[in-house]
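Structure assessment
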Amino acid sequence: MRADSTHEALRAGRRRDTAAAVGAVLELQRAEVLHRVNTGASTLVASAWNGKLRDALFPENQTTAREIGWRVAKDLGDKRSNFDPDEMDPWLLADATASAEAWNQKTAEDLEAELAEAEEQDGEVVAALVVGAVFDLALSSRLDRFSGGVVTSAGNFGGHHAAESNGAISKRWNVNSTNPRSSHTRMRGLLVPMEDKFPNGLRWPGDKKGGADETAGCKCSMTFIL
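Definitions and cut-offs
- Residues numbered from 1 in each chain as written.
- Predicted model: local features only at pLDDT ≥ 70, side-chain atom pairs only at ≥ 80, totals over all residues.
- Heavy atoms only, no water.
- Helix = DSSP H or I, 4+ residues; strand = E, 2+ residues; numbered from the N terminus.
- Buried < 20%, exposed > 50% of the residue type's maximum accessible area, 1.4 Å probe, protein only.
- Contact = heavy atoms within 4.5 Å.
- Pairing = 2+ DSSP bridges.
- Phe/Tyr/Trp six-rings, centres within 6.5 Å; stacked < 30°, edge-to-face > 60°.

**Some remarks on the environment of Ala21**
As for its position among the elements, Ala21 is in helix H1 (residues 8-38). Exposure remark for Ala21: the relative accessible area of 18% places this residue in the buried category. Residues Ala21 and Asp55 lie 34 residues apart in sequence; the distance between their C-alpha atoms is 9.7 Å. With near-sequence residues (within four places) excluded, Ala21 lies in contact with Ala56 and Glu60.

Structure representation (structure tokens):
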């Protein structure tokens, strides 16, 4: 018996919903940063926004992990008795917290660097343009990549937890991208026991233990074998 955690149509919808939830927070950030710049205050106080972004991400993580988890559990014969989605919440909350902190820290660093470069030019007008450019990038390609990574991480964690709960004995790495990392290409179709890590040190695609070099923008998934 096998179960696939890919479900690309579902993941595409989850990426859109996650991006929308994060984007709403970023628009509030943009407004605050513009106000702070115009009043001469420091730009983005990342720590003040970590909780707000975490609170936006956590329910999105929950939905992604549950939707993938239920499908994996069903394919492995679960009658909704073995797989308990509430057991995943501590990990999902920690993942949302880490993701929020990393995002806000990068935004703060981008703002500081760009504003420092523009400091010698024409004051508030240039500062406002710089802030706008930083957030325009954050709300486009950067957010697309971020939301994709968040969904890959939460979805594969949910599938992994459901498979473990239903006695799966092994997991196979699936590559779904048309332009995957070379390290992921080498693992295409690789089968390992459920309790083992893959050769790149990850428990599942998107596992943050691998760092950004192994996880950013990853679209890989797994097949579980009972």
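Once you've had a look at it, read on.
**So, the pairing of strand S2 (residues 170-174)**
The element S2 is largely enclosed, with a buried count of 4 among its 5 residues. Of the pairings in the sheet, the one linking S2 to strand S3 (residues 191-193) comprises 3 bridges and is antiparallel in character. Across the sheet, Ser170 pairs through a bridge with Pro193, a residue of S3. Looking at chain direction, S2 and strand S4 (residues 221-225) are connected through 5 bridges and run antiparallel. Following the sheet pairing, Ser170 is matched in S4 by Ile225.

**Focus: the packing of aromatic side chains**
Under the criterion given, the structure shown has 6 aromatic pairs. Measuring from ring centre to ring centre gives 4.8 Å for Trp103 and Phe146, while their planes differ by 55°; the resulting arrangement is tilted. Highlighted residues: Trp103 in helix H3 (residues 89-118) and Phe146 in helix H4 (residues 123-165), separated in sequence by 43 residues. Trp103 sits in the buried class, given a relative accessible area of 3%. For the ring pair Phe157 and Trp204, a centre distance of 5.4 Å and an interplane angle of 55° mean the geometry is tilted. With a gap of 47 residues between them, Phe157 in helix H4 and Trp204 in the loop between S3 and helix H6 (212-215) connect regions that are remote in the sequence. With a relative accessible area of 9%, Phe157 lands in the buried category. Here the aromatic cluster, defined as three or more aromatic residues joined through ring pairs, consists of Trp91, Phe157 and Trp204.

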